Amino acid sequence: MKIFIDTAITEEIKEGAKLGILKGVTTNPSLLAKSGRTLDDVITEILSLVDGPISAEVTEADEETMYKQAHDIVKMAKNDNITIKLPMTEDGIAVCSRLSKEGIKTNVTLIFSVSQALLAMEAGATFISPFMGRVDDYYHDDDSGFELIRKIMEVKKNFGYESEIIAASIRNVKHVEQAALAGADIATIPYKVIKEMYKNELTTRGLQIFRDAAK
Ligand code: E4P
């Protein structure tokens, strides 16, 4: 499973890039607002830091203005890795179909059901982003997100869709493990969760034992 980082804070991306495990970056308007920077400014810097798909989300709602905004982002980025993140709406899917035919990378976001995933895959989305954490929050459990990814992967396999499935809205290490077990192609993970993935109490104890022995 490929690892993307889910942030618009470039310091986190630099730290993540040093680890040598990052294959891409996803941003959204909330993450951008947290960074306090403009989309153009942040995306230009991220494209210089990571050689992989970088998702930048449109904010317009209707098809024509969304399509124009998508092209403005592509023009600004001047880089094939730029990926246009589109909302899971009728207009978003229409724009996805148009951009896919033009060879522009797309990521359909805010996917919460198999039907929505099916539409996005039919529209030729390069990536689709089912939200694990928000599904679990909504149903007050810890396996709805896992089931969502598992079912979408099954549909993808049944029909041979080429869209890559990004497990998104990851809140903790368990979500990462569930995404991997469900066969997600990619997990987009917040920096603090990536740091947590290194940790295990038995590793800490084992290291101490070996260090003591080495003395
Ligand atoms: C990524 O593409 C999504 O925008 C992101 O993972 C959403 O996460 P959240 O539910 O924590 O806002």
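Each value, and the rule that gives it
Residues numbered from 1 in each chain as written. Predicted model: local features only at pLDDT ≥ 70, side-chain atom pairs only at ≥ 80, totals over all residues. Heavy atoms only, no water. Helix = DSSP H or I, 4+ residues; strand = E, 2+ residues; numbered from the N terminus. Contact = heavy atoms within 4.5 Å. Near = heavy atom within 4 Å. Polar contact = N/O pair within 3.5 Å; in protein donor to acceptor, adjacent residues only side chain to side chain. Areas by Shrake-Rupley, 256 points an atom, 1.4 Å probe, with all protein chains shown as cover. Phe/Tyr/Trp six-rings, centres within 6.5 Å; stacked < 30°, edge-to-face > 60°. Buried < 20%, exposed > 50% of the residue type's maximum accessible area, 1.4 Å probe, protein only. Pairing = 2+ DSSP bridges. Right-handed = clockwise from strand over helix to strand, strands pointing away. Salt bridge = Lys/Arg side-chain N within 4 Å of Asp/Glu carboxyl O. Axes fitted to C-alpha atoms, helices over the stretch in contact; angles between N-to-C directions. Expected span 1.5 Å × (residues − 1).

(A) Structural detail: the side chain of Lys156. Mapped onto the elements, Lys156 comes out in helix α8 (residues 144–159). Excluding its chain neighbours within four sequence positions, the residues that come into contact with Lys156 are Met121, Tyr161, Glu162, Ser163, Glu164, Ile165 and Asp185.

(B) The site of the ligand, seen in detail. All residues adjacent to the ligand are Asp6, Thr26, Asn28, Lys85, Phe131, Arg134, Ala168, Ser169, Arg171 and Thr188. Within the side chain of Asn28, a nitrogen or oxygen atom sits 2.7 Å from an oxygen atom of the ligand. Between an oxygen atom of the ligand and a side-chain N or O atom of Ser169, the distance comes to 2.7 Å. The fraction of the free accessible surface of the ligand (340 Å²) that becomes covered by protein chains is 83%.

(C) View of the packing of aromatic side chains. As enumerated under the stated definition, the model contains four aromatic pairs in all. Measuring from ring centre to ring centre gives 6.1 Å for Phe159 and Tyr161, while their planes differ by 50 degrees; the resulting arrangement is tilted. We classify Phe159 as exposed; its relative accessible area is 58%.

(D) Layout of the environment of Lys2. One can find Lys2 in strand β1 (residues 2–6). One polar contact links Lys2 to Glu164, side chain to side chain, over a distance of 2.8 Å.

(E) Local environment of the pairing of strand β4 (residues 82–87). Burial of β4 is extensive: six of the six residues sit out of reach of the surface. Relative to β4, strand β3 (residues 54–57) is paired through four bridges, and the arrangement is parallel. Looking at the pairing, Ile54 lines up with Ile82 of β4. Since β3 and β4 lie parallel, the crossover through helix α4 (residues 63–77) that links them has a hand, and here it is right-handed. Pairing of β4 with strand β5 (residues 105–111), which is carried by five bridges, proceeds in the parallel orientation. Each bridged residue has a counterpart across the sheet, and for Pro87 the counterpart in β5 is Thr109.

(F) The pattern of salt bridges, seen in detail. On inspection of all chains with the given rule, the structure shows 18 salt bridges. For Lys14, the salt bridge is made with Glu11, and the minimal N-O distance between the two is 3.2 Å. Taken as a pair, Lys14 and Glu11 lie in helix α1 (residues 10–18) at a separation of three residues, close to a single helical turn.

(G) Structural view of the pairing of strand β7 (residues 164–167). Bridge count for strand β6 (residues 127–130) against β7 is two bridges, and the pairing is parallel. By the bridge assignment for β7, Phe127 is matched with Glu164. As paired strands, β7 and strand β8 (residues 186–189) are joined by two bridges and run parallel to one another. Paired with Ala167 across the two strands is Ala187, which belongs to β8. The handedness of the β7 to β8 crossover, carried by helix α9 (residues 173–181), is right-handed.

(H) A look at the sheet that holds strand β2 (residues 22–26). Taken together, eight strands build a closed barrel; the order of strands is β1-β2-β3-β4-β5-β6-β7-β8 and the barrel is parallel. Pairwise comparison of adjacent strand axes, ignoring direction, gives a mean angle of 25 degrees for this sheet. Against the sheet, α1 makes contact with β1 and β2, and its axis sits at roughly 165 degrees relative to β2, the strand it touches most.

(I) Highlighting α8. Given a rise of 1.5 Å per residue, 16 residues ought to cover 22 Å, and the 23 Å separating the end C-alpha atoms of α8 matches this to within 8%. Turning to α8, its buried residues number three or more, namely Ser144, Gly145, Leu148, Ile149, Ile152, Met153, Val155 and Lys156. Buried residues along α8 sit in contact with β5, α6 (114–122), β6, α7 (132–139) and β7. Looking one or two residues beyond α8, the residue adopting positive phi is Gly160, at roughly 70 degrees.

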